[in-house]
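Structural features, examined
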Amino acid sequence: MAWIKTPKPRRRQRRHNQPQQAPTHTGGMGRSSRASPCDMDREFAPEIAQLLATPPLQSAKKYYDELIQSKKHDAIRVNYNSEHGKGICASKDFAEGDVILKDQMLVGAQHSLNKIDCAVCSYCFRFIGSIEFQIGRRLYLQSIGSSISCTTERHCHGSDVGSSTGCSGVTKGKSNTLPQEVLESLINGDHSLPFSDLFTLPKVVACRGCEEEHYCSQSCADSDWETYHSLLCAGSNTEPSRRSALHKFVEHANDTNDIFLVAAKAITFTILRYKKLKRQHEFQNKLDESNFSLLMEAWKPLSMGFKKRWWDCVAWTEDVDSCDEDSFRQELMDLAFTSLQLLKDAIYDAECAPLFSLEVYGHIVGMFELNNLDLVVASPVEDYFMYIDELPDNEKEEAEKATMPFLDALGDDCSIPCEGTAFFPLQSCMNHSCCPNAKAFKRDEDNDGHGVIIALEPISKDDEITISYIDEDLPYVERQALLADYGFTCACLKCQEEKLN
Ligand SMILES: C[S@@+](CC[C@H](N)C(=O)[O-])C[C@H]1O[C@@H](n2cnc3c(N)ncnc32)[C@H](O)[C@@H]1O
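Residues numbered from 1 in each chain as written. Predicted model: local features only at pLDDT ≥ 70, side-chain atom pairs only at ≥ 80, totals over all residues.

Under the annotation held in an unreviewed UniProt entry, the protein carries the name SET domain-containing protein and is attributed to Brachypodium distachyon.

Now the structure itself:
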């Protein structure tokens, strides 16, 4: 296969659930009359109500002011109004193309299937290893791929309930004729490709416990361990019954909806923060604070996100397994309950019991549905092959002798980016407009999992910064149908004009 020269694709981060859906119908939104199968929902009802209550304005203001200050995002501020809730405003003028925000995710994960295609740091999502490692690993996994492809296909069936599973970037188990030894020597660093030294990637740092997670540095490995992974690691140091429970939880998520892996991270994030706060309080001899008030404090970053129950807010498409809307929503609730029970078997912590209620779990997944942005990191393998393609003729001919067999074997897969989904604390405060003045967009230099917001036009100080949650080029009626999933009717200038016509 010849390498076709194409302009580098623009890497737009989409709203998490934006284009994977047909136009939607939202008749049942927000009215959950389903009885919960979860005993914890009843046992901890008052605590759950406190965890899920909208935080008081003063507390939200303080949280966002501190966040903006600590991350040095002083070009923006969080605003509040009775109509749209929180929103983001400019604290200075922006020119078209300016970066408004590089937001560090609170929780996020690479899609399970995408892990076959792209080896990235499990904490910051930078590509790791080397160009040779990325190519060799992917082709190796493809060559042993029939078992993988059986699993991958299962994920992409239309019968999957929920919209949160990403199906793009899927290795198709395509066979290649490259000898295993060649692929192994690429992976092991024994075989170098021309000019790959111009595309160096961070060395792979292994997780201290398991073989599943890898990092770009010891500092990312430590941060992941302290923030989420120490409770989710199924390595040999983990107690066998917990390890087996973790495997079951992950398998269920991979077979149904990998958004549960992100929900598990939200829970471990809170538990680990709670334990840290408790240690600090004990160290300072502040023993008057109750465990629950420490849990509330640990939960605060997640408490700020706009939430509804997953089975109430997820988009309903009439083609879902030909069931009716009520049974579809019941199916989502049952699915979340099964996932939660598996997670509980693995990491239950009695001091944080309300976090293991279905009500909280459902709201966490629902928060992702309403707020998450696609996690996208462009592949350096694509950049590498483009570089080779653009070499002067004599150098290109020589280089292609070494690279072409791999490019032929990879085909279009060489441009698959790292893909996943993430909740970003500040970007998630941005309201929608069908004529937005900003967009989530990854530039060439944005090679990690931050959410990047760019100005689409000049923005003046104090203007609200808006992004589009949907494809704003769709006709008015389709736009409003999609936005109904977010529980509002858009009244932006474009909608007002088109409504009149
Ligand atoms: C990602 S959050 C945006 C931040 C949100 N305003 C808050 O208070 O947290 C999405 C939710 O904000 C509200 N929203 C966003 N854009 C809106 C708009 N143009 N008009 C009305 N409500 C909007 C809707 O409730 C929507 O589900």
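There's plenty left to go through after this.
1. Some details on the overall build of the protein
In plain terms, the rule: A run of H or I in DSSP counts as a helix once it spans at least four residues, and a run of E counts as a strand once it spans at least two, with each numbered from the N terminus. Exposed residues have 12 or fewer other C-beta atoms within 10 Å of their own C-beta, buried residues have 20 or more, and partly exposed residues fall in between, where C-beta atoms are placed from the backbone.
Tallying secondary structure elements over the protein gives 18 helices and 13 strands in all. Out of the 501 residues belonging to the protein, those deemed buried represent 44%.

2. Overview of the sheet that holds strand S9 (residues 418-423)
The strands making up a sheet are joined through hydrogen bonds of the backbone, oriented either antiparallel or parallel. Stated formally: Note on pairing: two strands pair once DSSP finds at least 2 bridges between them. Orientation is described by lines fitted to C-alpha atoms, with helices fitted over the stretch in contact, and by angles between N-to-C directions that extend from 0 to 180 degrees. By definition, residue pairs are in contact when their C-beta atoms, positioned from the backbone, come within 7 Å.
Taken in spatial order, the three strands line up as S5-S9-S8 in an open sheet, and their pairing is antiparallel. Taken across any chain shown, the strands that pair with only one partner, and hence form the sheet edges, are strand S5 (107-110) and strand S8 (373-377). Adjacent strand axes in the sheet meet at a mean angle of 30°, parallel and antiparallel pairs treated alike. Across the sheet, helix H10 (residues 259-283) touches S5 and S9, and the angle it forms with S5 is around 145°.

3. Digging into the site of the ligand
Rules: The criterion for a residue being near a molecule or strand is a backbone-placed C-beta atom within 6 Å of that molecule or strand. In this classification, Asp, Glu, Lys and Arg are treated as charged, Ala, Val, Leu, Ile, Met, Phe, Trp, Tyr, Cys and Pro as nonpolar, and every other residue, Gly included, as polar.
Lining the immediate surroundings of the ligand are 16 residues, of which Gly85, Lys86, Phe306, Asn431 and Tyr486 lie closest. For the shell around the ligand, the secondary-structure elements that each account for two or more residues are strand S3 (85-90), helix H14 (358-371) and strand S10 (431-432). Residue contributions to the shell around the ligand peak at three residues, all from S3. When the residues that make up the shell around the ligand are grouped by side-chain class, the tally is six nonpolar, nine polar and one charged.

4. Quick notes on the pairing of strand S12 (residues 451-455)
Counting buried positions along S12 yields four of five residues, so the element is predominantly enclosed. Bridge count between strand S11 (residues 438-442) and S12: three bridges; the pairing is antiparallel. From the neighbouring strand, Ala438 faces S12, where its bridge partner is Ala455.

5. Description of the packing of helix H2 (residues 45-52) against H14
Between two packed helices, what matters for the description is the angle formed by their axes and the separation of those axes. To keep it simple, the criterion reads: The scheme is simple: roughly parallel for angles under 35 degrees, roughly antiparallel for over 145, roughly perpendicular for 65 to 115, oblique for anything else. Crossing chirality is assigned from the near helix's rotation relative to the far helix, an anticlockwise turn below a right angle marking it left-handed and a clockwise turn marking it right-handed.
At a minimum axis distance of 10 Å, the contact between H2 and H14 shows a crossing angle of 20°. As summarised for this structure, H2 and H14 are arranged roughly parallel, according to the angle between their axes. Seen from above, H2 lies across H14 with right-handed handedness. Every residue of H14 that contacts H2 at Ile48, Leu51 and Leu52 is listed here: Glu359, Val360 and His363.

6. Focus on the sheet that holds strand S13 (residues 464-467)
What the four strands build is an open sheet, ordered S2-S3-S13-S10; its pairing is mixed. The strands lining the two open edges of the sheet, one partner per strand, are strand S2 (76-81) and S10. Bridge count between S10 and S13: two bridges; the pairing is parallel. Within S13, the position partnered with Asn431 by the bridge is Thr466.

7. Some details on the environment of Pro37
By the secondary structure assignment, Pro37 is in the loop between strand S1 (11-12) and helix H1 (39-43). When the C-alpha atoms of Pro37 and Asp334 are compared, they prove to be 8.3 Å apart, with 297 residues separating the residues in sequence.

8. Section: the packing of helix H5 (residues 131-143) against helix H16 (residues 393-410)
At a minimum axis distance of 11 Å, the contact between H5 and H16 shows a crossing angle of 45°. Here H16 runs oblique to H5, going by the angle between their axes. Both H5 and H16 take part in a crossing whose hand is left-handed. Residues Ile135, Arg138 and Leu139 of H5 form the contact with H16, whose participating residues are Phe406, Ala409 and Leu410. Across the contact of H5 with H16, the residue classes tally to five nonpolar, no polar and one charged.

9. Some thoughts on helix H9 (residues 240-255)
Going by this rule: Given a helix with a known number of residues, its expected span is that number minus one, times 1.5 Å.
Between the first and last C-alpha of H9 there are 22 Å, a value that for 16 residues agrees with the 22 Å anticipated at 1.5 Å per step. Turning to H9, its buried residues are Ala245, Leu246, Phe249, Val250, Ala253 and Asn254. Close packing links the buried residues of H9 with H10 and helix H13 (325-347).

10. A short note on the nonpolar core
Note the cut-off: What we call a nonpolar core is a set of buried Ala, Val, Leu, Ile, Met, Phe, Trp, Tyr and Cys residues whose membership is set by joining through C-beta atoms within 7 Å.
By size, the foremost hydrophobic cluster in this structure holds 128 residues, and its most contacted members are Val120, Cys121, Phe249, Ala263 and Ala336. With 11 residues, H10 is the single largest residue contributor to this core. The contact partners of Ala263, leaving out residues within four places of it in the chain, are Tyr361, Ile364 and Val365.

11. Some thoughts on unusual backbone geometry
Although it is not a glycine, Phe195 adopts a positive phi angle of roughly 65°. Mapped onto the secondary structure, Phe195 falls in the loop between helix H7 (180-188) and strand S6 (205-206). Although it is not a glycine, Asp462 sits at a positive phi angle of roughly 80°. Looking at the secondary structure, you find Asp462 in the loop between S12 and S13. For Asp462, a count of 12 C-beta atoms within 10 Å translates into the label exposed.

12. A short note on the environment of Gly209
Relative to the helices and strands, Gly209 is located in the loop between S6 and strand S7 (214-215). In this structure the C-alpha to C-alpha distance between Gly209 and Leu113, which are 96 residues apart in sequence, comes to 22 Å. In this structure, Gly209 is in contact with Cys233, Gly235, Asn237 and Thr238, ignoring residues within four places of it in sequence.

13. What to know about the confidence of the model for the protein
Using the following cut-off: For every residue, the pLDDT score states the predictor's confidence, bounded by 0 at the bottom and 100 at the top.
Chain-level pLDDT for the protein is 88 on average; 86% of the residues reach the 70-or-more range. Throughout residues 16-31 the model reports pLDDT below 50, and contacts reaching past four residues in sequence, or to other chains, amount to 45 contacts. As a predicted assembly, this complex carries a pTM of 0.89 together with an ipTM value of 1.00.

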